[in-house]
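The primary structure of each chain is shown beneath.
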Amino acid sequence: MKRAPSQLTLREMFSDTERLTSELIEHLELGFIPTNDKLISLVRRVPDGIEKRRVEDISIRNQVAELLKSEDFAQELFEKLDAYLAAIDQSVNRVINSE
């Protein structure tokens, strides 16, 4: 069973925070942003003179569902990261106040 961030050493908290930050960056760059771009291209208005394509409602729904799933994962990472940062803040404050 994984320990809560507040039960870790400061070094472990920083290591986990670094790992979570890298995971979040990777997810945003390789998952969320490309998924968002796909949705934008599906719903973008096509200028006059350019051949229009028919986009089915199901295609848009599927892309939105994928984007929402990606956003949920990003939110989970943000929440974990926030918990670690709060634990780091508390730990550092304890060290500062005990001196």
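Our structure's up above, just so we're on the same page.
Heads up: these notes are all about the structure in this document. (Residues numbered from 1 in each chain as written. Predicted model: local features only at pLDDT ≥ 70, side-chain atom pairs only at ≥ 80, totals over all residues. Heavy atoms only, no water.)

1. Thoughts on the overall build of the protein
Here is step 1: The number of helices and strands found in the protein is two helices and zero strands.
Here is step 2: Here the C-alpha atoms of the protein give a radius of gyration of 21 Å, more than 25% beyond the 13 Å that 2.2 N^0.38 yields for 99 residues.
Here is step 3: Its C-alpha atoms give the protein principal-axis dimensions of about 70 × 30 × 15 Å.
Here is step 4: Across the protein, every contact between residues at least 6 apart in sequence was considered, and the portion connecting residues at least 24 apart equals 76%.
Here is step 5: Summing over all exposed atoms, the protein offers an accessible surface of approximately 7,800 Å²; the carbon and sulfur share of this is 54%.
Here is step 6: Here the protein contributes 14 positive and 19 negative side-chain charges, whose respective centroids are spaced 5 Å apart. (Helix = DSSP H or I, 4+ residues; strand = E, 2+ residues; numbered from the N terminus. Rg over C-alpha atoms; globule rule 2.2 N^0.38 Å. Contact = heavy atoms within 4.5 Å. Areas by Shrake-Rupley, 256 points an atom, 1.4 Å probe, with all protein chains shown as cover. Lys, Arg positive; Asp, Glu negative; His and termini not counted. Charge placed at Lys NZ, Arg CZ, Asp CG, Glu CD.)

2. Considerations on the pattern of salt bridges
Here is step 1: Enumeration according to the criterion identifies two salt bridges in this entry.
Here is step 2: The residue Glu-12 makes a salt bridge to Arg-3 at a minimum N-O spacing of 3.0 Å.
Here is step 3: Here Glu-12 falls in the partly exposed class, since its relative accessible area comes to 31%.
Here is step 4: Taking the shortest distance from any N to any O, the salt bridge between Glu-23 and Arg-19 comes out at 3.5 Å. You can see Glu-23 and its partner Arg-19 sitting in helix α1 (residues 10–43), four residues apart, about one turn around the helix. (Salt bridge = Lys/Arg side-chain N within 4 Å of Asp/Glu carboxyl O. Buried < 20%, exposed > 50% of the residue type's maximum accessible area, 1.4 Å probe, protein only.)

3. Things to note about α1
Here is step 1: The end-to-end C-alpha distance of α1 is 47 Å, a good match for the 50 Å that 34 residues give at a rise of 1.5 Å each.
Here is step 2: Within α1, burial applies to Met-13, Asp-16, Thr-17, Leu-20, Leu-24, His-27, Gly-31, Thr-35 and Leu-39.
Here is step 3: Tucked into the core, α1 has its buried residues touching α2 (57–98). (Expected span 1.5 Å × (residues − 1).)

4. A word on the side chain of His-27
Here is step 1: Along the polypeptide, His-27 turns up in helix α1.
Here is step 2: Sequence-distant contacts of His-27, defined by excluding residues within four places in its chain, comprise Phe-32, Ser-70, Phe-73, Ala-74 and Leu-77.

5. Here we look at a negative patch on the surface
Here is step 1: Residues Glu-71, Asp-72, Glu-76, Glu-79 and Asp-82 make up a contiguous surface patch of negative charge.
Here is step 2: Take Glu-76: it is sitting in helix α2.
Here is step 3: Accessibility expressed as a relative area gives 43% for Glu-76, which makes it partly exposed. (Patch = residues over 30% accessible without salt bridge, like charges linked within 9 Å, V, L, I, M, F, W, Y side chains within 5 Å.)

6. So, the packing of α1 against α2
Here is step 1: In contact at an axis separation of 9 Å, α1 and α2 are set at 160° when each is read in the N-to-C sense. Taken together, the axis directions place α1 and α2 in an arrangement best described as roughly antiparallel. Note that α1 runs across α2; the crossing there is left-handed.
Here is step 2: Of the residues assigned to the contact of α1 with α2, the class counts are 23 nonpolar, 10 polar and six charged. (Axes fitted to C-alpha atoms, helices over the stretch in contact; angles between N-to-C directions. Parallel < 35°, antiparallel > 145°, perpendicular 65-115°, else oblique. Left-handed = near helix turned anticlockwise from the far one by under 90°. Nonpolar A, V, L, I, M, F, W, Y, C, P; charged D, E, K, R; others polar.)

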